[in-house]
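Here are the chains, one letter per residue:
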Amino acid sequence: MGAQSKPDWGNGGKALSESKSEEPIMRKSVIRPGKTENGSDMPNEGCTIALYHNGHLRPSGGSRMRDVHPFVAIRHALLAAGFWLAGCAGFAEDFPKFEYHEIDKIGNRMGQTSLVDVNRDGKLDWIAGCSHGDVWWFEYQGPDRWVRHTIGSKAGTEVGGVAFDVDKDGWVDQVSGSTWFRNPGDPASKEWARFPNGAIDNAHDVVVADIDGDGKLDVVMMQDSAGVFWYKIPADPTQPWKSYRVGAAVHGGIGPRGVGDLDGDGDPDIVRSTGWYENVDSKGEQWQWHENIPGGHGGRFKDTTRAWIADVNKDGHNDVVMTDCDTEINSCRVHWFENTDGKGGAWQEHMIATDKGDLHTLAVADFDNDGDLDVFSGEGPLGGTGDDGKRRWFIWENLDGRGKAWREHLILEGPECHEGVAADVDGDGDIDICSKPWRGNLHVYLKNMLVEHRGRVGAP
């Protein structure tokens, strides 16, 4: 458990790293040409710096520029002047590599993923659990050392689960659908108590947000045959949680971050693949459905997506990023929908990638520390586009800071990716990734080497 090993993906497989004694496992980053707003490839001229004027570009003012690598600073300056930068290997190489580490091998049919500080040691730990089965937390002690601890068993969920402080005692608890587990305060050695909460069983998506604006976190859940619900946690969370029905459901589509303010009125709404539920009274008791987002698909599990609400283009309005999932290989998309009127009344689709495998993971974060949002996903249980069906893990780099031009980076090829999570695990200032499969037992940690690389570049 936790020991670093070379992935066994067959003779001639495309593992993007190899163990070499105690040397770091380095990542090959496969760079795809960037895409302009009209969908054409940005040119790639080897090491030649090519400047292409684009009158549609807006200055990138407001970007966070402190601690930015010189290459990135130059790129931002050129973009602010209204130019595209393309084809310089130096700029491509500035995007971080990811170092492969194995967390553990345990479980099957897993979800309920989080990266949180379970034991309050200042480092993030990995949580995952089996459908209606065991739930574990993996204590981070180093990239190659994760110590497994049991949270509990008989989780009341299929895939959905989330970790946060349910009882407000300062310790992170675990909500797994219709059950929750209380952190005892000494989570590595004491037993976690299990409580039913009265929520729907077999949830696919579970998201935390303050729905009614009372300053306390509530829980939103979705299960395709039951619907979308949110739950108010009582003062004594061991008692049944009060249920409010939002509306109809699909198999999956509100996770992992599909709750946020879409109409600019200050309260959280809920996106669901092809539209969104408006929190009409700001208290979560009245909801109105708007079928106006051109997402979703007609695959095996119709309209199942991963969703993330964020301001992609920095215009002050929340947009929506989506990936297609639980559908056939070679048909899944990554796209974001621009909230053009700022009120959720009109949405413009911007394509990031097409023709991918089952993208049952989504994380939106600044992976290269250049002040804008990038997108991570990986191919999951229903198939991958690599050789012999190997799954590919991607980050799409937001080139212009406004979501109109993207460059694809292949960061790993081989294992299945399902419900992956991104956060700064080791506290070094860049965003790492943890994931696992739906069917299978391999838990993976990809350490972002951005800070280490920049330290070497800047060393005397």
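Residues numbered from 1 in each chain as written. Predicted model: local features only at pLDDT ≥ 70, side-chain atom pairs only at ≥ 80, totals over all residues. Heavy atoms only, no water.

Draft legend 1. Local environment of the overall build of the protein chain. In terms of helices and strands, the protein chain carries 3 helices and 32 strands. The buried share among the 460 residues of the protein chain stands at 60%. Nonlocal contacts in the protein chain, meaning residues at least 24 apart in sequence, comprise 51% of its contacts between residues at least 6 apart. Split by element, the accessible area of the protein chain, about 17,600 Å² in all, is 48% carbon and sulfur. (Helix = DSSP H or I, 4+ residues; strand = E, 2+ residues; numbered from the N terminus. Buried < 20%, exposed > 50% of the residue type's maximum accessible area, 1.4 Å probe, protein only. Contact = heavy atoms within 4.5 Å. Areas by Shrake-Rupley, 256 points an atom, 1.4 Å probe, with all protein chains shown as cover.)

Draft legend 2. View of the sheet that holds strand β19 (residues 269-271). In spatial order, the strands read β18-β19-β20-β21; together these 4 strands make up an open sheet with antiparallel pairing. A single partner strand is all that each edge strand has here, and the edge strands are β18 (259-260) and β21 (287-290). One ladder, built from 2 bridges, connects β18 with β19; its direction is antiparallel. Bridge pairing in β19 places Gly260 opposite Asp269. (Pairing = 2+ DSSP bridges.)

Draft legend 3. Looking closely at the confidence of the model for the protein chain. Per-chain confidence: the protein chain averages 85 in pLDDT, with 79% of residues scoring 70 or above. When mean pLDDT is compared element by element in the protein chain, β19 scores highest at 99, while strand β2 (residues 50-53) scores lowest at 29. In the predicted structure, residues 41-92 sits below a pLDDT of 50 and forms 96 contacts with residues beyond four places in sequence or in another chain. (pLDDT = per-residue confidence, 0-100.)

Draft legend 4. Up close: the sheet that holds strand β25 (residues 347-356). The mixed open sheet is built from 5 strands, whose spatial order is β17-β22-β23-β24-β25. In this open sheet, the two edge strands, each paired with only one partner strand, are β17 (256-257) and β25. For strand β24 (residues 332-339) and β25, the ladder comprises 7 bridges, and the chain directions are antiparallel. Residue pairing across strands places His335 opposite Met351, the latter belonging to β25.

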